[in-house]
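A closer look at the structure
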Amino acid sequence: MSETRIIDASDPAAQNKVVQEAVDLLEVGELVALPTETVYGLAADALNPDAVAKVFAVKERPEFDPLIVHVGSFEQVDEVAEVPDDIKEVVAKLMKAHWPGPLTLVLPKKDCVPDIVTSGLPSVAVRMSGHPVMKAVVRALGRPVAAPSANRFGRISPTSASAVEKELSGRIPAIVDGGACREGLESTIIRPEAGEKRPVLHILRAGPVTKEMLQRFGKIERPKRNRASEVPEAPGQLASHYAPVTPLRLLRDFSDFKPEEGKKYGLLSYCGAEKAGFIDGYDWAHVEQLSPGNGKLAEAAVRFFYVLRALDESGVDEIIAEPVSETGLGVAIMDKLRRASVR
Ligand code: AMP
Ligand code: MG
């Protein structure tokens with residue numbers, strides 16, 4: 001593969017043409033990076049194992065890490081998944097409330113889904129994106145689309161077309177540029193299960209749909225926190241992930257910061273506020289703020305991967321990250337910071 005074409009999707013009048021170009025690639029078993037509301041996805045026809053194999057090759061993703069499958073309608077879920085009777089009701093409620101949107105459901109899979117998509121698991125992870133381009137492409141293709149984040153494995157997820165270019169330029173035929181991603185963090189992944197009184201929702205990955213938003217649908221089960229030595233609770237949710245090339249350290253307490261002579265440190269600050277953070281504690285070589293001034297978690301989520309990338313490219317020797325409050329979206333951000341700090 002030589003050149004990666006950037007297809008501009010900013011003109012709504014040209015959307016049909018853009019969608020058709022993406023569909024043309026998917027139909028011949030090729031890959032295309034597409035915008036979603038969470039992060040950019042690397043799309044392939046989910047029912048074509050050769051196309052899906054290319055996703056693993058391009059991302060250098062280990063085959064034990066299964067892919068999320070995007071559908072274009074509620075009905076298309078039944079093409080790829082067998083929803084058991086005892087969770088039909090809760091699944092329907094969750095889809096109605098959060099689809100299209102950043103919520104992925106793990107359900108028993110149907111035979112037509114190739115093993116390479118699910119890493120041989122008997123389940124498949126399904127989602128419906130709310131991004132107009134992704135939605136339109138899946139609908140126009142008329143088949144489910146496998147689309148993991150459009151970055152190389154373990155690296156920072158891309159929230160803009162230029163970030164995808166940095167990750168995958170020369171490896172894929174095209175990137176559709178649909179602007180910056182609205183949510184900025186990967187989808188929440190849950191596995192619904194029948195419970196004694198209420199359904200049980202196992203949160204496999206924290207994301208934009210928070211525990212607080214899911215509580216009304218059932219009893220929430222959160223997996224134990226990952227440690228490097230533990231088997232991941234969800235396949236692919238590895239202890240080390242989302243890692244910048246530059247070492248990153250999540251520091252709870254600024255008094256634990258003992259700078260080494262001659263080393264350049266960058267700060268990943270939450271809101272930059274004097275009282276709350278580390279910003280005035282040291283002469284940082286580079287500072288990036290997740291939510292400049294006001295400390296809003298939603299803003300921090302949108303900016304998270306962008307800011308991480310900026311720090312990674314700033315030439316510092318180590319990135320020091322402040323913690324954010326671990327409620328709502330902060331759970332997903334802290335989860336990513338922990339994984340980014342594991343080497
Ligand atoms: P992404 O890289 O954002 O596409 O997310 C893929 C993640 O979804 C994987 O790393 C898994 O953790 C999770 N996943 C996909 N399929 C399944 C499945 N069948 N069961 C449990 N988790 C899954
Ligand atoms: Mg990913």
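Everything here concerns the structure above.
Description of the structure in this document. (Residues numbered from 1 in each chain as written. Chains lettered and ligands numbered in written order. Predicted model: local features only at pLDDT ≥ 70, side-chain atom pairs only at ≥ 80, totals over all residues. Heavy atoms only, no water.)

1. Let's talk about the overall build of the protein chain
Scanning the protein chain from N- to C-terminus turns up 10 helices and 15 strands. Taken over C-alpha atoms, the radius of gyration comes to 20 Å for the protein chain, in line with the 20 Å a tight globule of 343 residues would show. Here the C-alpha coordinates of the protein chain stretch approximately 60 × 55 × 40 Å along the principal axes. Across the 343 residues of the protein chain, 53% fall into the buried class. Here the contacts in the protein chain between residues at least 6 apart in sequence split such that 67% fall between residues at least 24 apart. Positive and negative charge centroids in the protein chain, built from 43 and 49 side chains respectively, lie 4 Å apart. (Helix = DSSP H or I, 4+ residues; strand = E, 2+ residues; numbered from the N terminus. Rg over C-alpha atoms; globule rule 2.2 N^0.38 Å. Buried < 20%, exposed > 50% of the residue type's maximum accessible area, 1.4 Å probe, protein only. Contact = heavy atoms within 4.5 Å. Lys, Arg positive; Asp, Glu negative; His and termini not counted. Charge placed at Lys NZ, Arg CZ, Asp CG, Glu CD.)

2. What to know about the pattern of salt bridges
Oppositely charged side chains may form a pair once their charged atoms are brought near each other. Within this structure, the stated rule accounts for 23 salt bridges. Close ionic contact of arginine 309 with glutamate 167 constitutes a salt bridge, the shortest N to O distance being 3.4 Å. Of the two residues, arginine 309 sits in helix H9 (residues 297-312) while glutamate 167 sits in helix H7 (residues 161-168), which places them 142 residues apart along the sequence. Per residue, the accessibility class of arginine 309 equals that of glutamate 167, and both read buried. For the salt bridge of arginine 252 with glutamate 326, the shortest nitrogen-to-oxygen distance reads 3.7 Å. (Salt bridge = Lys/Arg side-chain N within 4 Å of Asp/Glu carboxyl O.)

3. Structural notes on the nonpolar core
Core analysis: the largest hydrophobic core is formed by 48 residues, its most contacted members being Val77, Leu94, Trp99, Leu105 and Leu214. When residues in this core are grouped by element, the largest group, five residues, is from helix H2 (residues 49-59). Core analysis: the next-biggest nonpolar cluster, separate from the first, contains 29 residues, Ala206, Leu248, Phe305 and Ala332 among them. (Core = buried A, V, L, I, M, F, W, Y, C linked by side-chain atoms within 4.5 Å.)

4. Observations regarding unusual backbone geometry
In this chain, tryptophan 99 is followed by proline 100 through a cis amide linkage whose omega measures -10°. With respect to the element layout, proline 100 can be found in the loop between helix H4 (88-98) and strand E5 (103-108). Although it is not a glycine, glutamate 60 sits at a positive phi angle of roughly 55°. Inspection of the secondary structure puts glutamate 60 in the loop between H2 and strand E4 (68-70).

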